[in-house]
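Breakdown of the fold
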Amino acid sequence: MAHSLSAKKRVRQNAARNLRNRARKSEIKTNIKHFEKALKTGNMEEIEKQFRAVVPLALYLALFQVLILRQLVEDSWLITGGLFAVIVGLMLFMEGLKLGLMPFGELIGHTLPRKSPLPLVLFITLLLGIGVTFAEPAIGALQAAGQNVSAERAPYLWALLNQWVGTLVLVVGASVGLAAVLGTLRFLYGWSLKPLIYASLLPILGLTVYGSTDPEFAKVMGLAWDTGAVTTGPVTVPLVLSLGIGISAAAGKGGSGLSGFGIVTLASLFPVLGVLLLALYVAATSDPAEIIAFAAHAATIVDTDALPWYERSPGLEVVLGIRAILPLVLFLFLILKLILRQDLPR
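What you are looking at is a predicted structure, and each value in this text was computed from that prediction instead of being measured. (Residues numbered from 1 in each chain as written. Predicted model: local features only at pLDDT ≥ 70, side-chain atom pairs only at ≥ 80, totals over all residues. Heavy atoms only, no water.)

Let us look at the overall build of the protein chain. The number of helices and strands found in the protein chain is 12 helices and 0 strands. A burial count over the protein chain gives 34% of its 346 residues as buried. Of the contacts made within the protein chain by residues no fewer than 6 positions apart, 81% connect residues no fewer than 24 positions apart. (Helix = DSSP H or I, 4+ residues; strand = E, 2+ residues; numbered from the N terminus. Buried < 20%, exposed > 50% of the residue type's maximum accessible area, 1.4 Å probe, protein only. Contact = heavy atoms within 4.5 Å.)

It is worth spelling out helix α6 (residues 165-189) at this point. For α6, spanning 25 residues, the distance from its first C-alpha to its last is 36 Å, which sits close to the expected 36 Å at 1.5 Å a residue. Where α6 terminates, the next one or two residues include Gly190, which has phi positive at roughly 70°. (Expected span 1.5 Å × (residues − 1).)

Our next topic: the packing of aromatic side chains. Going through the model one piece at a time under the given rule, you end up with 3 aromatic pairs. For the ring pair Trp164 and Tyr281, a centre distance of 5.8 Å and an interplane angle of 80° mean the geometry is edge-to-face. In this pair, Trp164 sits in the loop between α5 (155-161) and α6 while Tyr281 sits in helix α10 (residues 262-285), placing the two residues 117 residues apart along the sequence. (Phe/Tyr/Trp six-rings, centres within 6.5 Å; stacked < 30°, edge-to-face > 60°.)

Running from N to C, α6 and α10 cross one another at 140°; their axes reach a closest spacing of 8 Å. Of the two possible hands of crossing, α6 and α10 adopt the one that is right-handed. (Axes fitted to C-alpha atoms, helices over the stretch in contact; angles between N-to-C directions. Left-handed = near helix turned anticlockwise from the far one by under 90°.)

Core analysis: the largest hydrophobic core is formed by 39 residues, its most contacted members being Leu160, Leu161, Leu168, Leu223 and Leu276. Elements with a contribution of two residues or more to this core: α4 (137-145), α5, α6, α7 (193-211), α8 (221-230), α10 and α11 (288-301). The biggest single contributor to this core is α10, with 10 residues. In this structure, Phe104, Leu107, Val121 and Leu241 belong to the second largest nonpolar core, which totals 27 residues. (Core = buried A, V, L, I, M, F, W, Y, C linked by side-chain atoms within 4.5 Å.)

In this section: the confidence of the model for the protein chain. For the protein chain, the average pLDDT comes to 77, and 77% of its residues sit at 70 or higher. Here helix α1 (residues 2-68) is the element of the protein chain with the lowest mean pLDDT, 63, and α7 is the one with the highest, 91. (pLDDT = per-residue confidence, 0-100.)

With respect to the secondary-structure elements, Ser116 resides in the loop between α2 (76-115) and α3 (118-134). A residue is classified by how much of its surface remains accessible, and Ser116, at 10% relative accessible area, is buried. Placed 224 residues apart in sequence, Ser116 and Leu340 show a C-alpha to C-alpha distance of 8.1 Å.

A cluster of nonpolar side chains, contributed by Leu57, Tyr60, Leu61, Leu63, Phe64, Val66, Leu67, Ile68, Leu69, Val73 and Ile79, occupies part of the molecular surface with about 1000 Å² of accessible area. When residues of the nonpolar patch are assigned to their parent elements, the largest contribution, 8 residues, is made by α1. With respect to the helices, strands and loops of the structure, Ile79 is situated in helix α2. Given the relative accessible area of 40%, Ile79 is considered partly exposed. (Patch = residues over 30% accessible without salt bridge, like charges linked within 9 Å, V, L, I, M, F, W, Y side chains within 5 Å. Areas by Shrake-Rupley, 256 points an atom, 1.4 Å probe, with all protein chains shown as cover. Salt bridge = Lys/Arg side-chain N within 4 Å of Asp/Glu carboxyl O.)

On to the environment of Ala145, then. Counting through the fold element by element, Ala145 comes out in helix α4. Relative accessible area serves as the criterion here: at 31%, Ala145 is assigned to the partly exposed category. It is 9.6 Å that separates the C-alpha atoms of Ala145 and Trp158, two residues lying 13 residues apart in sequence.

This part covers the side chain of Thr227. Tracing the sequence through the fold places Thr227 in helix α8. Separated by 2.4 Å, the side chain of Thr227 and the backbone oxygen of Ala224 make a polar contact. With residues near it in sequence (within four places) discarded, Thr227 still touches Leu142, Val172, Pro271, Val272 and Val275. (Polar contact = N/O pair within 3.5 Å; in protein donor to acceptor, adjacent residues only side chain to side chain.)

All right, on to the side chain of Thr125 then. Mapped onto the elements, Thr125 comes out in helix α3. Here the side chain of Thr125 touches Val121 through a polar contact of 2.7 Å, landing on its backbone oxygen.

Right, dumping it as structure tokens:
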């Protein structure tokens with residue numbers, strides 16, 4: 001009799017386990033179908049959107065070179081292939097952000113203030129601001145621009161984009177993180193945005209006027225102000241904005257669709273101030289003659305052919321892309337699993 005009851009119990013357990021497995025398989029198949037449908041319906045829209053964004057600019061540059069500069073476009077087929085790669089790459093990139101990273105930011109922003117103390121919320125927000133900056137594609141373009149700067153013409157600018165490039169990216173990231181922290185406090189306590197903007201602009205304008213008096217330091221001004229635009233790219237804006245909207249909704253301030261937008265303004269101003277302060281430090285600790293001598297010495301020892309594959313294009317770009325995105329995704333996933341103890345929807 002006992003054996004019969006035990007066998008019936010095992011049968012019921014196996015039936016329940018099979019039912020759960022079938023339900024999980026059905027859910028996985030449904031999610032895959034939803035993903036494929038979203039990808040198919042969104043791809044044509046994204047292709048058209050990126051086509052409208054890239055092709056007019058490319059035509060303008062080609063016509064400018066032919067009609068104004070009176071020069072033919074060299075390697076036209078290579079450039080055309082590159083433009084096609086840009087369109088496809090931007091399409092996949094934006095689709096991945098919409099389906100992958102933005103749900104992370106909104107869910108964390110909505111849940112984190114309810115389940116964690118304020119210091120932990122601010123610390124995670126700071127780290128998130130730094131992480132999204134390192135993942136921003138424009139930061140990679142900023143680093144690549146250092147190769148086109150002449151140390152003889154702009155020594156401080158060359159030093160920032162070459163010798164100090166790691167510190168430069170870290171300063172920009174920390175500035176975005178601090179802006180995200182301040183924006184979070186503004187959401188939670190209902191502070192007005194205007195005083196924060198005025199308080200940020202006053203030191204920025206003061207340093208800009210002060211730096212303009214030095215001819216060498218003045219060449220850094222464009223870089224400092226451009227970092228504000230770098231941080232409003234396709235990674236920073238969706239994640240920081242979704243985080244702000246989630247936090248404002250959790251704080252009961254999310255009745256208006258505009259409640260989370262001030263954080264992007266602060267994230268555009270703080271990097272300008274951070275880069276100006278870094279440039280002042282570089283100017284105070286480095287001499288232009290020393291920078292020029294170091295650049296001349298570095299140019300003599302660089303041998304591109306001797307570099308390993310992961311330090312040459314295109315391997316370098318692949319490694320940098322993985323290094324930028326993967327830590328951010330793992331960081332968001334660990335917050336979701338270990339701190340919030342939630343599963344990611346879909």
